[in-house]
Amino acid sequence: MNLTIITLIIVFSLSCFFFGKTRVSNKIKISGKKFNSLPVYYGYYLAAWCGLPALIILFFWSFSDLYFIKFLILSDFKADPTIDKNKLNLIFTEIVSIAEKKFSGQIPKNLVPYAERFLNLNKIFELSKLAVISSTIVFSIFFSYKQILKNIKARESVEKVIRFIMFFCAAIAVLTTLGIVLSLLFESIKFFTVVPIFDFITGTNWAPGRAFIRDASTEIADVENVFGAVPLFWGTFFIAAIAMCVAVPVGLFSGIYMAEYARSKVRKIVKPLIEVLAGIPTVVYGFFAALTVGPFFRALGETIGLDVSSESALAAGIVMGVMIIPYVSSLTDDVINAVPLALREASYSMGATKSETIKKVVLPAALPGIVGAILLAVSRAVGETMIVVMAAGLGARLTINPLEASTTITTQIVTILVGDQSFNNPKTQAAFALGITLFFFTLIINIIALQTVKKFKEQYD
Amino acid sequence: MTSKQKEIFLKKRYRAENRFKFFGIFSITLAVSFLGILLFNIFSSGLSAFFKTKILLKINFDEKKLGININTSEKEIKASNFNEILQEALLNLDLLTPELKKIELIDIVSVDATYELKRFYLKHKDQLNKMIEVSLTLSDDLDQLHKGNFPRDIPEDRRRFSDFQLKVFDEQNAQNKIITEFNFSFFTNADSRDPELAGIGSSLMGSLLTLLVCLILSFPIGILAAIYLEEFAPKNKITEIIEINVNNLAAVPSIVFGLLGLGIFLNYFYLPRSTPLVGGLVLALMTLPRIIIPCRAALKAVPPSIREGALALGASKVQTVMHNVVPLAMPGTLSGTIIGLSQALGETAPLILIGMVAFINVVPFYPIDPSAVLPVQVYLWSESAERGFVEKTSATIIILIFFLAFMNSFAIYLRNKFERKWS
């Protein structure tokens, strides 16, 4: 349905464009009348009037009609005091699936009339959508054509519309952030009404699966001790720290070598090669960590008599570190290149060797930039998902032994949300609470990092 | 300080110099060798998945046993049962099979073998009532054995095929009845619980559709946003907020976008779960800042003289940008977009959250069909216990890396070939 309408709108707009353009150029030819803009702008003008209002109506209509239908259908159930308010959504999905003939199992008899009503309402809404949109198109074509005959300044109007569309596209970034914050906040607030925020931040026992064991009446009592996120924070921090132990020295030295020592031929080959590490999908690293590195450490541990779990924080951390190397090395390279040559030359003229110059002059000058680079890498490590999901395990425990399995915020989000889930239980909402923690944590690191890098760059510009 | 002391001190300093340089070389070697190990590991374990092991079986297309004749319609043939002639042929491999072992003998071929026979017959209807050799897919365990991915000398109870099956397999192998073919079905089949049948058809198609949705949304929006920010935006608070947002979104963990998709697109707008439509939407939001940033750089690289020239000839600001600046910035914009899309192609976590991990055994054709994508297929198969899925996973990764390499080199080519240097 929507596709037909969109095609309709596009066809109409295109024909409006050609109609407006030829109409105006014909008029110029025949009557020699002067128009304010080039004919093509009248075409655009007509097309914009034809297409945009219709598209906007279509957009809002398509997203809101299900709500109206849902409201109308559920109004009967809402009046019924015997029905749990939390089950309304479930009832509605059941009605929809009966209507679409996708319902599996015994169809509840009492819902069948509602399913028929759903189909009827759907039809009414669809038809009225078509009617409203076509009348909008007709009306706006009529209106805009009259405007053209009045010889309005079409180019200016068209350019205004273009600018507005561009502004809207740029504003989508803000809308996205808003969407992230709102969707996370909305579910998290529901979660924190059941589980106190203090318990979430300071609790040391994470076992969301237990929230289900008792029946609904005791669920709240049971929820208290199973949503302590400290083990997850610790696991995230721990694995990120292991990753940084790999990435920082290797990345830093690679970056320094590439910026200061490497000949341009070597640089041209090696730099892209290292950057390939950042281009490999994380799921590939996860597979590598789970199937090769994990068992390798396990076998290594066995030979020296250590008990290494095949899913260990060490394997996940090291592989993650390898993934992060290019983030550190490339940024270090850039930052060091931004340090003015004069500083180096001054140091050489005092008789310092190259490494002394780097250590005593270049690195201190580049320090803010390097710190920014490392912070960005930390935020990568904290938000990284697939490697830890596949290689770090699920056991939420407070341990400083890197050979044991460990779990992270991202792993738990994925574990909770894989498969079907209902939105009305604290387990699902916990994932959103974790999500918002992750979002704000990485946001703060990113802002600090971007600011330091920016300040550093301004310093030498 | 005596001159000798000076010399020692100098030597020490030079040693430190060399040490420092060595650390640099060592780190680079380490990073590059990590890459080498990773790729070698994936390629060495994945290449065998592009081939499959088949057995040549003498099949008797007996019309009585099949219950069909020359005139039987295609539909009826599809409904008829080819199991009996297959079992007969398999049991003929070893006539002395004890009753208890018969089931093991039948199990040496894939569950798909009867359908393979059916497809063969549909193509060669003239073979009715004739004895002919047909190549049939072996079961996954024997396939892995033949490829050398599975050791044969471990006790019977620890492997997935019996001594008897091994004996039959070796006999057939000695008679050159075991052949290796290129595994076309790997590219066309959808996912399956049986490793020898599982293919990446559905996830390849899913990735394609998802990327298409992502491209359609993120490319125009990204370019228009970049043009606005670089060329039109007034210097005020709103612009500043937008810029900060774009830069931050580029660094938000991808999983958060998955939560956004789940919370808003699925839970609020009721868009269909597990579909390329929602996947593409989520990835488009994620890719947007990654397109905007290189696009802005490309626009910035166009020298002001171009704009001034156009403005001096009386073009409006919009005309200047659209007719003069944007075409010159196009190569940089396109390569930025392609690199952004290649990142979207490798993304897994947000797609898992919007339900693209479902087991999909049909190949999707529309953006609203449930489907998987390549990286999620890697994740799904890597969780499977069967040995046969390991090589499939690696092979999927090879395909994925191939696509990524192709896209990235195309982007580099575009940049090198068409981008004008202004200086």
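Residues numbered from 1 in each chain as written. Chains lettered and ligands numbered in written order. Predicted model: local features only at pLDDT ≥ 70, side-chain atom pairs only at ≥ 80, totals over all residues.

(A) Seen up close, the overall build of chain A. Check the secondary structure of chain A and you find 16 helices and zero strands. Here chain A has a C-alpha radius of gyration of 31 Å; the compact-globule value for 461 residues is 23 Å, and the former is much larger. When the backbone C-alpha atoms are referred to their principal axes, chain A occupies close to 85 × 70 × 35 Å. For chain A, buried positions account for 40% of its 461 residues. A separation of at least 24 residues holds for 75% of the contacts in chain A among residues at least 6 apart in sequence. (Helix = DSSP H or I, 4+ residues; strand = E, 2+ residues; numbered from the N terminus. Rg over C-alpha atoms; globule rule 2.2 N^0.38 Å. Buried ≥ 20, exposed ≤ 12 C-beta atoms within 10 Å, placed from the backbone. Contact = placed C-beta atoms within 7 Å.)

(B) Molecular detail of the overall build of chain B. Per the secondary structure count, chain B includes 18 helices and three strands. C-alpha atoms of chain B, sized along the principal axes, occupy 90 × 75 × 40 Å. Partitioning the intrachain contacts of chain B with sequence separation of at least 6 by distance along the chain shows that 77% fall at a separation of at least 24.

(C) Examining the interface of chain B and chain A more closely. Counting from both sides, the interface comprises 66 residues of chain B and, opposite them, 70 residues of chain A. Classifying every residue of the side of chain B that touches chain A by side-chain character gives 48 nonpolar, 15 polar and three charged. (Nonpolar A, V, L, I, M, F, W, Y, C, P; charged D, E, K, R; others polar.)

(D) The arrangement of the environment of Leu249 of chain B in detail. For Leu249 of chain B, the location among the structural elements is in helix H11 (residues 237–249). Residue classification places Leu249 of chain B among the buried residues on the basis of 23 C-beta atoms within 10 Å. Along the sequence, Leu249 of chain B and Leu285 of chain B sit 36 residues apart, while their C-alpha atoms lie 9.0 Å from each other. Excluding its chain neighbours within four sequence positions, the residues that come into contact with Leu249 of chain B are Ala173, Thr176 and Thr177 of chain A together with Pro289 of chain B.

(E) Structural context of helix H8 (residues 163–174) of chain B. Residues and elements named next belong to chain B. With 12 residues, H8 should cover 16 Å at 1.5 Å per step; its first-to-last C-alpha distance of 16 Å lies within 8% of that length. Taken residue by residue, H8 has Gln165, Val168 and Phe169 as its buried positions. Seen along its axis, H8 keeps its buried residues to an arc of 100 degrees; they face one direction. Opposite the buried face of H8, by more than 90 degrees, sit the exposed residues Asp163, Lys167 and Ala174. Here the buried face of H8 lies against helix H5 (102–106) and helix H7 (140–146). (Expected span 1.5 Å × (residues − 1). Arc of directions from axis to C-beta.)

(F) Structural context of the nonpolar core. Ala289, Ala316, Val319, Val328 and Ala377 of chain A together with Ala225 of chain B are the most contacted members of the largest nonpolar core, which totals 186 residues. Among the elements that make up this core, the one with the highest residue count is helix H8 (residues 230–261) of chain A (17 residues). Non-local contacts of Ala289 of chain A, meaning those with residues more than four positions away in its chain, are made with Gly294, Ala315, Ala316, Val319, Ile387, Met390 and Ala391 of chain A. (Core = buried A, V, L, I, M, F, W, Y, C linked by C-beta atoms within 7 Å.)

(G) Just the packing of helix H2 (residues 39–79) of chain A against helix H4 (residues 112–149) of chain A, in detail. Residues and elements named next belong to chain A. The interhelical angle for the contact between H2 and H4, taken along N-to-C directions, is 160 degrees, at an axis separation of 9 Å. For the element pair H2 / H4, the angle class is roughly antiparallel. With respect to the hand of their crossing, H2 and H4 are arranged in right-handed fashion. Grouping the constituent residues of the contact of H2 with H4 by class yields 24 nonpolar, four polar and three charged. (Axes fitted to C-alpha atoms, helices over the stretch in contact; angles between N-to-C directions. Parallel < 35°, antiparallel > 145°, perpendicular 65-115°, else oblique. Left-handed = near helix turned anticlockwise from the far one by under 90°.)

(H) Spotlight on the confidence of the model for chain A. Looking at chain A as a whole, its pLDDT mean stands at 86, while 95% of the residues score no less than 70. Considering only residues more than four positions removed or in separate chains, one finds that residues 217–221 of chain A, a stretch of pLDDT under 50, has three contacts. (pLDDT = per-residue confidence, 0-100.)

(I) Examining the sheet that holds strand E1 (residues 51–60) of chain B more closely. All names here are of chain B. In spatial order, the strands read E2-E1-E3; together these three strands make up an open sheet with antiparallel pairing. Each end of this open sheet is capped by a strand with a single partner; those strands are strand E2 (131–137) and strand E3 (178–182). Averaged over neighbouring strand pairs, the angle between their axes works out to 40 degrees when direction is ignored. As judged from the five bridges shared by E1 and E3, these two strands associate in the antiparallel manner. Its bridge partner lying in E3, Lys54 is registered against Ile179. (Pairing = 2+ DSSP bridges.)

(J) Looking closely at the domain arrangement of chain B. Residues and elements named next belong to chain B. Partitioning chain B into structural domains gives domain 1 (52–99 + 120–181) and domain 2 (201–418). Averaged C-alpha coordinates put domain 1 and domain 2 at centres separated by 47 Å. Each partner contributes to the interface: domain 1 provides five residues, whereas domain 2 provides four residues. Looking at side-chain class alone, the side of domain 1 that touches domain 2 contains one nonpolar, two polar and two charged residues. (Domains from an automatic or database assignment.)

(K) Spotlight on the packing of helix H13 (residues 276–301) of chain B against helix H15 (residues 317–345) of chain B. All names here are of chain B. Between H13 and H15, whose axes approach to 8 Å, the crossing angle comes to 150 degrees. Compared by their axis directions, H13 and H15 come out roughly antiparallel. The interaxial crossing formed by H13 with H15 has right-handed handedness. Along the contact surface, H13 presents Leu283, Met286, Thr287, Arg290, Ile291, Pro294, Cys295, Ala297, Ala298, Leu299 and Ala301, while H15 presents Val325, Ala329, Gly332, Thr333, Gly336, Thr337, Gly340, Leu341, Gln343 and Ala344. The residue makeup of the contact of H13 with H15, split by class, is 13 nonpolar, seven polar and one charged.

(L) Highlighting H4 of chain A. Residues and elements named next belong to chain A. Taking 1.5 Å per residue as the helical rise, H4 with its 38 residues ought to reach 56 Å, and the 56 Å between its terminal C-alpha atoms agrees with that figure. All of the buried residues in H4 are Tyr114, Ala115, Phe118, Ile137, Ile141, Ser144 and Ile148. Buried residues in H4 make contact with helix H1 (2–31), H2 and helix H3 (88–99). Asn151 occupies a position one or two residues after H4 and carries a positive phi of about 60 degrees.

(M) Up close: the environment of Gly369 of chain A. Residue and element names in this part refer to chain A. Along the chain, the position of Gly369 falls in helix H13 (residues 354–383). In this structure, the C-alpha to C-alpha distance between Gly369 and Thr332, residues 37 residues apart in sequence, is 7.4 Å. Sequence-distant contacts of Gly369, that is, excluding residues within four places in its chain, are made with Val335, Ala338, Val453 and Phe456.

(N) How the structure looks around unusual backbone geometry. Residue and element names in this part refer to chain B. Positive phi is not limited to glycine here, since Asn176 has a value of about 60 degrees. When you line up the elements, Asn176 lands in the loop between H8 and E3. Take Asn176: there are 8 C-beta atoms within 10 Å of it, and that puts it in the exposed class. The phi dihedral of Ser274 falls on the positive side, at around 60 degrees, and the residue is not glycine. Along the chain, Ser274 turns up in the loop between helix H12 (254–266) and H13. Take Ser274: there are 22 C-beta atoms within 10 Å of it, and that puts it in the buried class.

(O) Local environment of the environment of Gly332 of chain B. Residues and elements named next belong to chain B. Position of Gly332 among the secondary structure elements: in helix H15. Classification of Gly332 by C-beta neighbours within 10 Å gives buried; the count is 24. Taking the C-alpha atoms as reference, Gly332 lies 9.3 Å from Ala301; in sequence the two are 31 residues apart. Ignoring any residue separated from it by four or fewer positions in sequence, one finds Gly332 in contact with Pro294, Ala297, Ala298, Ala301, Arg415 and Glu419.

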